[in-house]
Amino acid sequence: MRKTTTLALMTGVTAVAFAAPAAADGHESTVSVLHGVPGLTVDVYVNGEEAIPDFEPGTLTDPMMMAAGSYDIDIYADGDTPDTAEPALSASGLEVPGGANLTLAAHLGEDGTPMLSAFVNDVSQTAAGEARLTVRHAAAAPAVDVRAGGTPVIEGLTNPNEEVLDLPAGTVSADVVLGGTEDVVLGPADLNLAEGTNTIVYAWGSAADANLDLAVQTIDGLHSAPEGVPSGQGGLADNGALMVLALAGVAGAVVAGRSIVRSERV
């Protein structure tokens, strides 16, 4: 099991959109963003200009390239503007690193507190005939087990952790149950694990509020040369722009190193 880097545990979530250069280098990062906080729709301003109106929960962006740099963010309740209201949340001097491949997830902690986690996406090459499955617990819920064909393949996964499996390519019927039980809380869902892809599944929402849901991100080209660009998403809206989530009071975003633990094949 791998732990993610939790950048903040605070009371609100923000989002920022930026134009996307055509290709990545050491001064840019490949970034996708999941908005997984139920009931929070906001308008986002970057350096005083509206960047994202009506950013809604359940949205997962396509990956975009973002230049490293520093940005000021103001977040307003949906419909408010700098002329009519004070920002609900602000973050000044948000530092965006370069040379990373990330998914930033605004989601609920196990206790229901909104938080931001930075996940480092595993884009290392897969073996011939294999696919990668990443499962991330981003919901206000206790530990869960993930089952494939009714058999647990991931056990005791807690928020905000993830686990990665390298599996034979193919279609897997998966569901999520409360840890150590047969109580299904999500699924079953058929996942098409294509060869040379990393299919990333997020459990988000709140068990107490009965709004748990799945978001699916697919990173392709893991058999190809390093310049292959991650792309795609499963069934979620594409805002057509890079979004970087931050929290009020966060002065910088630094993604720490993490180890990769391979689980047994199933």
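- The protein appears in an unreviewed UniProt entry as DUF4397 domain-containing protein from Ornithinimicrobium cryptoxanthini.

## What to know about the overall build of the protein
Right, on to step 1. From N to C terminus, the protein includes 0 helices and 21 strands.
Right, on to step 2. Burial analysis of the protein (266 residues in total) assigns 47% to the buried set.
Right, on to step 3. Long-range pairs, those at least 24 residues apart, make up 70% of the contacts in the protein with a sequence separation of at least 6.
Right, on to step 4. If you sum the accessible surface of the protein, you get close to 11,100 Å²; carbon and sulfur atoms cover 51% of it.

## Considering unusual backbone geometry
Peptide bonds are, in most cases, trans, and in most cases residues other than glycine have a negative phi.
Right, on to step 1. Asn159 connects to Pro160 through a cis peptide bond whose omega is 0 degrees.
Right, on to step 2. In this fold, Pro160 is placed in the loop between strand 14 (151–157) and strand 15 (161–168).
Right, on to step 3. Backbone geometry places Ala210, a non-glycine residue, at a positive phi of 55 degrees.
Right, on to step 4. Residue class for Ala210 comes out exposed when judged on its relative accessible area of 71%.

## Some points on empty space enclosed by the protein
Right, on to step 1. Counted according to the given criterion, the structure contains 7 cavities of 30 Å³ or more.
Right, on to step 2. Counted as a void, the largest cavity has a volume near 120 Å³.
Right, on to step 3. Along its surface, the largest cavity is lined by 14 residues, and Ala174, Val176, Leu191, Val201 and Leu214 are the ones closest to its centre.
Right, on to step 4. Here the lining of the largest cavity is composed, by residue class, of 12 nonpolar, 1 polar and 1 charged.

## So, the pairing of strand 12 (residues 130–140)
Right, on to step 1. In terms of burial, strand 12 is a largely internal element, 11 of the 11 residues being buried.
Right, on to step 2. Burial along strand 12 is two-sided: the residues Glu130, Arg132, Thr134, Arg136, Ala138 and Ala140 and Ala131, Leu133, Val135, His137 and Ala139 are all buried.
Right, on to step 3. Note: strand 12 against strand 15, 7 bridges, orientation antiparallel. Note on strand 15: the bridge partner recorded for Arg136 is Glu162.

## A short note on the sheet that holds strand 13 (residues 144–148)
Right, on to step 1. The strand order across the open sheet formed by 4 strands is 14-13-16-17, and the pairing between neighbours is antiparallel. Single-partner strands in this sheet number two, and they are strand 14 and strand 17 (184–193). The mean angle between the axes of side-by-side strands here comes to 20 degrees, regardless of whether they run parallel or antiparallel.

## Quick notes on the packing of aromatic side chains
Right, on to step 1. In total, this model carries 1 aromatic pair according to the counting rule given.
Right, on to step 2. Aromatic side chains Phe119 and Tyr202 sit 6.1 Å apart centroid to centroid with 80 degrees between the ring planes, which places their arrangement in the edge-to-face category. Here the residue Phe119 occupies a position in strand 11 (residues 114–120), and Tyr202 occupies one in strand 18 (residues 198–206), the gap between them amounting to 83 residues.

## Observations concerning the pattern of salt bridges
Right, on to step 1. Under the definition given, this model contains 5 salt bridges.
Right, on to step 2. A salt bridge links Asp122 to Arg132, with the shortest nitrogen-to-oxygen separation between them at 3.4 Å. Of this pair, Asp122 sits in the loop between strand 11 and strand 12 while Arg132 is found in strand 12, placing the two residues 10 residues apart along the sequence.
Right, on to step 3. Here Asp175 and Arg147 are joined by a salt bridge, their closest N and O atoms 2.7 Å apart. With Asp175 in strand 16 (residues 170–178) and Arg147 in strand 13, this pair connects stretches of sequence that are 28 residues apart.
Right, on to step 4. Among the residues examined, Asp175 registers a relative accessible area of 9% and is labelled buried.
Right, on to step 5. Taking relative accessible area as the criterion, Arg147 reaches 10% and is therefore assigned buried.
Right, on to step 6. The network of salt bridges with common partners includes Asp122, Arg132 and Asp166.

Conventions and cut-offs
Residues numbered from 1 in each chain as written. Predicted model: local features only at pLDDT ≥ 70, side-chain atom pairs only at ≥ 80, totals over all residues. Heavy atoms only, no water. Helix = DSSP H or I, 4+ residues; strand = E, 2+ residues; numbered from the N terminus. Buried < 20%, exposed > 50% of the residue type's maximum accessible area, 1.4 Å probe, protein only. Contact = heavy atoms within 4.5 Å. Areas by Shrake-Rupley, 256 points an atom, 1.4 Å probe, with all protein chains shown as cover. 1 Å grid on protein atoms, 1.4 Å probe; cavity = no way out; pocket = protein on both sides within 12 Å on 5 of 7 lines; lining within 4 Å. Points joined across faces, edges and corners; volume = space filled by probe spheres on them. Nonpolar A, V, L, I, M, F, W, Y, C, P; charged D, E, K, R; others polar. Pairing = 2+ DSSP bridges. Axes fitted to C-alpha atoms, helices over the stretch in contact; angles between N-to-C directions. Phe/Tyr/Trp six-rings, centres within 6.5 Å; stacked < 30°, edge-to-face > 60°. Salt bridge = Lys/Arg side-chain N within 4 Å of Asp/Glu carboxyl O.

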